[in-house]
Amino acid sequence: MSGFRWPILVLLPALIIAALLIDGGRPSAEPAPLAEARTATVVRPNSSAAATWFCVAGVIDRDVTAAVTTHSIEIVNVGDQQRLLRIVAYNAETVAGIEPESLPLTIDAGQRLTIASELVGSTMVEVDGGGVIVEHVIGNEIGSDSRPCASTSAARWEFPAGETIQGTHETIVLFNPFPEDAVAQLAFTADTGRRIPTKFEAVVIPSRTYKVYDVSAEIAQAETASASVIVNAGRVIANRVIVKTDRGEGSGLTAAAGTPTASLVSYLPVAKFAANRPTSITVYNPTEERAEVDIEIHIGSDVVIPEFEIPVPALQRQRIDLTAADRMKILAAGERGYSVVVRSANGVPVVSELSQLSVGGDAAVEGMSTMIGSPVAASRWIVDVPITAGDAGSSLILFNPSFKTIARVELQLVDANQNRILLPEIELGTGGRRAILLSELGVTSASVLILESGSPIVAAREIISLSSISMSLGIPDASTLAEEADGFGF
Amino acid sequence: MASLAAQSYDRFGVLVVIAGDESSYSAVDATVRRHVPNAKVVHAPDVRGYGDAVAVGLEEFGEQARMLLLCQDDIALGPKVVEILVTEALQSNAGVVGPKLVDWSEPRVIQSVGFAIDKFGVPIPLAERGDLDQEQYDAVDDVFSVAGACLLIRTDLYELVGGYDREISFYGDDVDLCWRVQAAGARIVVAPDAVVRHRDALLSRREDSLSSKDADRLRSRHALRSMLSGYGGFRSARVIPQAILLTLVQVVSALLTGRVGRAKTRLGAWLWNVRRPHQIIRRRRELATFRELSDGDFRELQRGGSYWLGQAIAARTGGERSESAAAAFSASFKSTSVRAAAAIAGVLSLTLIFGSRHLITRDIPAVGQLASFSSSPGDLIGEWWSGFWSTGLGTDSAAPFGHVLLAIVGYGLFGAMGLLRKLLVLSAIPVGVIGAWSLLRSTGSRRAQIVSAIVYLSIPVGFNSLASGSWFGLLSYAGTPWVLAQLGRAHATAPFFDRDATLARRIRAQVLRLGLLLGLIGAFVPSIWLVVAVMATGLVLGSLVAGSLAGTWRMVTVAVLGSGLALALHLPWFLGVGLPGLQWAPVAAAGSSDVGDLALRDILLFNTGRTGLTTLLAGLAVSASFVLIIGRSWRFVWGARAWLMSVCAWGLLWAGHWGALPVPLPRAEIILPVAAIGLAMACGLGAIAFEVDLKQHNFGWRQLATLFATAGVVIAAVPMLAASTNGRWNMPRSGLDSRMSFLSEDPEIGAFRVLWIGDPDVLPGTGMPLDDSMAFFTTDGGRIDITDQWIGRVDPATRRIRLAIRKAVTGDTSRLGADLAPFGIRYVVFVERIAPAPFVDRTLEVPEVLTTSFAGQLDIRRVATVNRAVEVYRNDAWFPTRSAGLVIDPDEPRPGTPVLVNQTGFTTFEGRIDADSVVFVGSAPASGWRLEVAGVEAERSTAFGWASSFRPPSGGDAVLRFVSTPVTLLARALQLAGWLLVVAAILLLRSSVDSQRRRTMRRSQIDQPESSVESS
């Protein structure tokens, strides 16, 4: 028996020690957050069983100039099957707690439906499957803006680049289509610091209603007023509308669904360096920690523009006037478009928003537009072009955020007659950017572009109409979302 | 008879009462006639005991005599005994006179010179058994009682006190009689000049196989009966509570020393008497009619306190004073290690009682899976027998046999299911520790048993199971040592020999015993088969490593056959739940997240719960290694097996932690007892190695190793002792049920279900996997019961719930409420803690994506915060599981009104149905439900793909019932028969072994010359 003693005396401790050593190297099994939850708008894939869209708008007072007066819904079925729609419209007369009667409709594959109303406040569109996108066009006499509706509700919304200086009017609309009342807080970081107006400390959005909050009335004369909507009970969908009324100063209207979460990286594909295009970027840190942020400028060529390295204190925002920055002067030789990547260098998530004005001089159109950075890239995008009038400068912008992979993008155009037209493939080098005039793509009427790439890209559009400019991200396909897990490239 | 015939005093007649059958009567009658031709002989074949026989005799003869000399049949009187007794009775004016009883074969050895009794009616011999007669007791003296083998009593006195208690068959009848004589004011004396030889061989002579255990049982119950009926009211009020307390101490002590039978005896004595209240009351009343002396008047003939307790203390302190009736007791305390065992058993039991004090004195909260036992025994049996198991959405697969087992015990406790729950919870840890103690009984080393029990108790697996509310963990902790003992015996190698049976019988008995044991545990812990597999694998590997394969294949055979037998006992359940699609989760109750969360260090240190300081358990590695270093022969081999068993259990959990297994594991507390008992066994074997093997070495490092090994065991007990200060082993003070009363069913709104979602480790029931970390289950109404701890079949209907939840998570629906409505789900409860805040801190959060997806539903609303432990949502779109007027459209169901709300049977519902109503029944299986309206069966169709809808031809009184198939009922009957067969087979085998033992004993007695003495 003694012959077996030493083997076991050696074997047992060796086994246990070896296992302990191996065990120390096991990575943590922390689940990765769902990328889909990070962005306000996605299109559900064709195979989905259902999708719900929330188009949020409202009016404070019909008589004021800044009020939203038109709100139309554009629904496009980019899938290959007929879908059932259930449209529920909410207006100022909607009784709290009771869901209004719904309007059932069907939409064929490739079909576009436009639902226009004198003033439909907020609208919910339920679809019995994926492949359907919903946008809304908000407007008044000053201008209009077209944006994808939100496809999710959330308990928090961030708006980095609000504005309440004289001649500018900002409202935030909170829509609660759910069966229980929501209670939210609206917090602002303006030029004078962080502030929660007493009126906005605990606003109640009753069940099945929307509420419009006049930010300008509470946060006066702020050149940049970053806002956080913090929902303490329930969930809402938030939308911000800014109306600039000063003629000659880029007057216009811009609407933006907020972003539900801050992120380590965000992409802003649409930016243009031009004298009559004052452009600024606002980076907002809604967290309790200081963020170190790098702002990269990608122009899609070998020209390298040094990145901006800015600190953003907790609950503060930093605004950079890109047009005035010296390092951007390299682009001054001509009007050049570029994309911006905002990247947190210290792991503290932030939110970014690009603001662009189109002002007098030789600008074709006067207007203003904003775009909140996309926290995700995707391999499939749907870009709707609902407004085509006067689209001389309207373009599709593609950006490849990858450091390593060339992206080859297939484009398909679904025109107003439900024809599907395959367009030439576009290649994007690493960090590459392309802006293509919609007219070059044959877009002459309300159409939809379907983009499919071998690797994640970011797609956006810029629509320049007779009365406004509108920058907007496309709608990523939920099944192809990708995000930089560590914030340092794909 | 010869001694009677030879008496110097001849003015007496002889009456012989012969019990037994005709042949016995003839033989004895002949013997009586040969010696005393004029003796009267009465044949009383139906008498139940000695007192009964005496009564029968007196009916024939008694009134003709002034005095009665009552003799049993195993005595021989000296020639002047009758004369001396009669003379003494007259001279002393005594009511009862007894002789000096001496040993049959060695008359110099005294058997009895009378008894005192202690406070509790236990006789205390005045002469130590085995005392040599040196005339030290040769003075006539008053005693409380004399031995019933031979005593003289005045006839009138005998009749006054009612004679022997006819309910007392054997043992204790003499004390009872004498107690009443004392109360009647008569003297009882011993006349030591009257010497009577006494064989005292009742046990070995009786064919009805009275065993020593039976004798102990009879003594206990009869002493208690005498006490309950002998004392007056005032003294009874004082003594009875003390007697109850003493019994509890005796039971705990017996359990901790592995004498389960003794514990049963003590408890059984109370049960036997409690069931005869009328007899005791009648005897008390009779006693009151002739009582002349109060209890205090003859108290000087009694001894204060408890004789048992006194003996225990004397034995532990090495006191020399010992009295003969305690010989059996004292015999077990004769070695130093046994004294230590008693002392340590006392300490362990006190520690357990101290640590559980709040659980003993207060309610045990419904923490985790320790749900209430709200089902009555009838409900449990009914659910099992009916063929409809209400788990989840309902199923026709067999309910677990655990229902029946719980119901049987519940009936035994007169339906006190709350008490049953308390007993089960509180007894799990002691049962496990006793198992660890018993495991090494066959080694003959008390020290090893002590060490094994202490180590097993110190490893906090049981306490952690208690604190986390894990039924499965508790039961696994309780059962694992017993399973290991069976596997050990299956080896049939040292020290686990079974010398009483042949090899074939041994294997048969072992398979039956293991099968029954696994069947019992498996009725509640379906994953016990995994535990057995781990143990058997460890034992086999240990055998290989130790180079001794002896008995290994036999053990494997027994393990496989035993497991198979256990599985066969649960076959209907297994066929219904586990077999379809070979579903692992229901069988193993798998999917716990804690396995994934536990690092190897936590696994090795049993750090699975709220017990702190577990780092101190590292010392056990040293203690358990001692046997590998010092042990020889079988100590070394079994030490290696024990170690490998632990390593296998740890390894399995570690593999689960790394995700290296094809299936998820059950929670760690179910598997860790294997590692715990392995360590405990190794430590215990180390103690034997210390006793046996260390002596063979000169003084050196091995002796020093002993110190470290001892220190390891002592230090390892610290976490357990620290946890005991809490009084509830860190169990939270309140359960979730205390915060969830609003979920109670309201008949007005109709029957509904609650969907529970959470990590399997905090869910208050056993869930089905939702994803890698979450599980879910449904309950009828908000009440969670012990029956929700069994998981049902993951059938297509249940998968629809899972699918609906996943749809919500992936954003494929914003009206989840409508999807859940056909299941009658009115509430969804996300559970993140086993108990409400602030009673527990550990939170296993439901992934945000899950809660946010629910929060984003248009027809589900969050209920105002109930407690941080749960998040509750209410489904606005729900409709009752029995409703009428429903629009059964899978895409857009519309609610109906509740119907059939009166439940008149387990699966019968009644109510009134309006004409032209479509009745929806949201219970699976659809095919089993029948609806009769106004006596006409309604046409049934399947609704939503799994439920039923009925279109009655007219309105009227309706009855909905579930109809079982004959095959179902036959399966239940066969299952029951299977259990009874196994139990009967075990009893038969045991009885066969006992008979063999008795035959062996009798043969040895026949070989002795004294055995030729006549007997009847």
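Asks: Even after reading the chapter, I still don't get the overall build of chain B, so can you show me in this structure?
Replies: Within chain B, the regular secondary structure consists of 36 helices and 27 strands. The buried share of chain B, taken over its 1016 residues, is 53%. Sequence-distant contacts in chain B: of pairs separated by 6 or more residues, those separated by 24 or more amount to 76%.

Asks: So what exactly am I meant to see when it comes to the overall build of chain A here?
Replies: Scanning chain A for helices and strands turns up two helices and 36 strands. The buried share among the 490 residues of chain A stands at 55%. For chain A, the proportion of contacts with a sequence separation of at least 24, taken over those separated by at least 6, is 82%.

Asks: Teacher, can you tell me more about helix α21 (residues 471–491) of chain B here?
Replies: For an α-helix, the turn length of 3.6 residues means that residues three or four places apart are oriented alike. All names here are of chain B. Counted at 1.5 Å a residue, the expected span for α21 with its 21 residues is 30 Å, and the 30 Å between its end C-alpha atoms agrees. The principal kink in α21, of about 35 degrees, is found at Gly479, preceding the proline Pro481 by one to four residues. Within α21, 21 of the 21 residues are buried, which leaves the element mostly enclosed by the surrounding structure. Backbone geometry just after α21 places Ala492 at a positive phi near 55 degrees.

Asks: What is the right way to look at the interface of chain A and chain B in this model?
Replies: As a measure of interface size, the accessible area lost when the parts come together is often cited. Across the contact, 33 residues belong to chain A and 33 residues belong to chain B. With ten residues, the top contributor of residues to the side of chain A that touches chain B is helix α1 (residues 5–24) of chain A. For the side of chain A that touches chain B, a count of residues per class yields 20 nonpolar, five polar and eight charged.

Asks: What's the story with the packing of helix α23 (residues 528–546) of chain B against helix α30 (residues 633–657) of chain B in this structure? I'm lost.
Replies: Two numbers describe a pair of packed helices, the interaxial angle and the distance between the axes. Residues and elements named next belong to chain B. Remark: α23 packs on α30, axes separated minimally by 7 Å, with the N-to-C direction vectors making an angle of 135 degrees. Judged by the angle between their axes, α23 and α30 are oblique. Where α23 crosses over α30, the handedness of that crossing is right-handed. Judged by residue contacts, Val534, Met535, Thr537, Gly538, Leu539, Leu541, Gly542, Ser543, Val545 and Ala546 of α23 engage Phe636, Val637, Ala640, Arg641, Trp643, Leu644, Met645, Val647, Cys648, Ala649 and Leu652 from α30. Tallied by class, the residues present in the contact of α23 with α30 amount to 16 nonpolar, four polar and one charged.

Asks: Would you mind showing me how to read the sheet that holds strand β27 (residues 367–372) of chain A here?
Replies: Sheets are built from strands paired through backbone hydrogen bonds, the pairs being either parallel or antiparallel. Residues and elements named next belong to chain A. Overall, antiparallel pairing links the four strands, which are arranged β23-β20-β26-β27 in an open sheet. In the strand order of this sheet, the two ends are held by β23 (317–321) and β27, each with one partner. Sheet twist, expressed as the mean angle between neighbouring strand axes with direction ignored, is 15 degrees. Summarising the sheet, strand β26 (residues 351–358) and β27 pair through six bridges and their orientation is antiparallel. By the bridge assignment for β27, Leu357 is matched with Met368.

Asks: Honestly, the environment of B:Val713 in this entry has me stumped. Any pointers?
Replies: Residues and elements named next belong to chain B. Within the fold, Val713 resides in helix α32 (residues 701–724). Along the chain, Val713 and Arg961 lie 248 residues apart, while their C-alpha atoms are 60 Å from each other. Once residues lying within four places of it in the same chain are set aside, the contact partners of Val713 are Val451, Ile454, Val455, Ser623 and Cys683.

Asks: In this structure, what is going on with the confidence of the model for chain A? I would like to understand it.
Replies: Regions with low pLDDT carry predicted coordinates that are not meant to be interpreted in detail. On average, residues of chain A score 85 in pLDDT, and 89% of them reach the 70 mark or higher. In this model, residues 28–35 of chain A is a region of pLDDT below 50 whose contacts with residues beyond four sequence positions or in other chains number seven contacts.

Asks: Help me understand the pairing of strand β14 (residues 775–780) of chain B in this model?
Replies: A regular strand places its side chains on the two faces of the sheet in alternate fashion. Residue and element names in this part refer to chain B. Of all six residues in β14, six are buried; the element is thus mostly enclosed. By the alternation rule, side chains of β14 split into Ala775, Phe777 and Thr779 and Phe776, Thr778 and Asp780, which are all buried. Bridge analysis of strand β12 (residues 753–758) against β14 gives six bridges, and the strand direction is antiparallel. Along β14, the bridge assignment pairs Gly758 with Ala775. The pairing of strand β13 (residues 768–769) with β14 spans two bridges and is classified as antiparallel. By the bridge assignment, Met768 is partnered in β14 with Phe776. Counted between consecutive antiparallel strands, the loop separating β13 from β14 contains five residues.

Asks: Explain the sheet that holds β13(B) to me, please; I cannot follow it from the model alone.
Replies: Residue and element names in this part refer to chain B. Across the sheet, which stays open at both edges, the six strands sit in the order β13-β14-β12-β15-β17-β16 with mixed pairing between neighbours. If you trace the sheet from one side to the other, it starts and ends with β13 and β16 (860–862), each paired once. Bridge count for β12 against strand β15 (residues 825–831) is six bridges, and the pairing is parallel. What sits directly across from Leu755, in β15, is Val828.

Asks: Mind showing me how you'd approach the pairing of strand β11 (residues 187–198) of chain B here?
Replies: All names here are of chain B. Of all twelve residues that make up β11, ten are buried, and the element is covered over most of its length. Bridge analysis of strand β4 (residues 75–77) against β11 gives three bridges, and the strand direction is antiparallel. Across the sheet, the residue bridging to Ala76 is Arg197, located in β11. With eight bridges connecting them, strand β5 (residues 94–103) and β11 associate as parallel partners. Bridge pairing links Val96 to Ile188 in β11. Where strand β9 (residues 141–142) lies against β11, two bridges are found, and the strand directions are antiparallel. Bridge pairing in β11 links Asp141 to Val190.

Asks: Sorry, what's going on with the environment of B:Ala263 here?
Replies: Residues and elements named next belong to chain B. Among the structural elements, Ala263 can be located in helix α10 (residues 260–274). For the pair Ala263 and Met731, spaced 468 residues apart in sequence, the C-alpha to C-alpha distance is 28 Å. If we ignore the near neighbours within four places in the chain, the residues touching Ala263 are Val251, Ala254 and Leu255.

Asks: What is the right way to look at the environment of B:Val455 in this model?
Replies: Residues and elements named next belong to chain B. If you trace the backbone, Val455 turns up in helix α19 (residues 446–458). Assessed through the 29 C-beta atoms surrounding it within 10 Å, Val455 is described here as buried. When the C-alpha atoms of Val455 and Ala399 are compared, they prove to be 37 Å apart, with 56 residues separating the residues in sequence. Discounting residues that sit within four places of it in the chain, Val455 has contacts with Leu620, Leu679, Ala680, Cys683, Val713 and Ala716.

Asks: Just checking my understanding: could you explain unusual backbone geometry for this structure?
Replies: Most peptide bonds are trans, and most residues other than glycine sit at a negative phi. All names here are of chain B. For the bond running from Ala494 to Pro495, omega is 0 degrees, close enough to zero to count as cis. Relative to the assigned elements, Pro495 resides in the loop between α21 and α22 (503–522). Geometrically, the link from Ala837 to Pro838 is a cis peptide bond, its omega value of 5 degrees lying close to zero. Within the element layout of this structure, Pro838 appears in the loop between β15 and α35 (848–855).

Asks: Whenever I open this one, the nonpolar core confuses me. Can you help?
Replies: Soluble, globular proteins show a tendency: their nonpolar side chains are buried together. B:Val455, B:Met535, B:Ala649, B:Ile671 and B:Phe776 are the most contacted members of the largest nonpolar core, which has 229 residues in total. For this core, the element with the highest residue contribution is helix α31 (residues 668–692) of chain B, accounting for 18 residues.

About the thresholds
- Residues numbered from 1 in each chain as written.
- Chains lettered and ligands numbered in written order.
- Predicted model: local features only at pLDDT ≥ 70, side-chain atom pairs only at ≥ 80, totals over all residues.
- Helix = DSSP H or I, 4+ residues; strand = E, 2+ residues; numbered from the N terminus.
- Buried ≥ 20, exposed ≤ 12 C-beta atoms within 10 Å, placed from the backbone.
- Contact = placed C-beta atoms within 7 Å.
- Expected span 1.5 Å × (residues − 1).
- Bend = angle between axes of the 7 residues up to and from the residue.
- Nonpolar A, V, L, I, M, F, W, Y, C, P; charged D, E, K, R; others polar.
- Axes fitted to C-alpha atoms, helices over the stretch in contact; angles between N-to-C directions.
- Parallel < 35°, antiparallel > 145°, perpendicular 65-115°, else oblique.
- Left-handed = near helix turned anticlockwise from the far one by under 90°.
- Pairing = 2+ DSSP bridges.
- pLDDT = per-residue confidence, 0-100.
- Core = buried A, V, L, I, M, F, W, Y, C linked by C-beta atoms within 7 Å.

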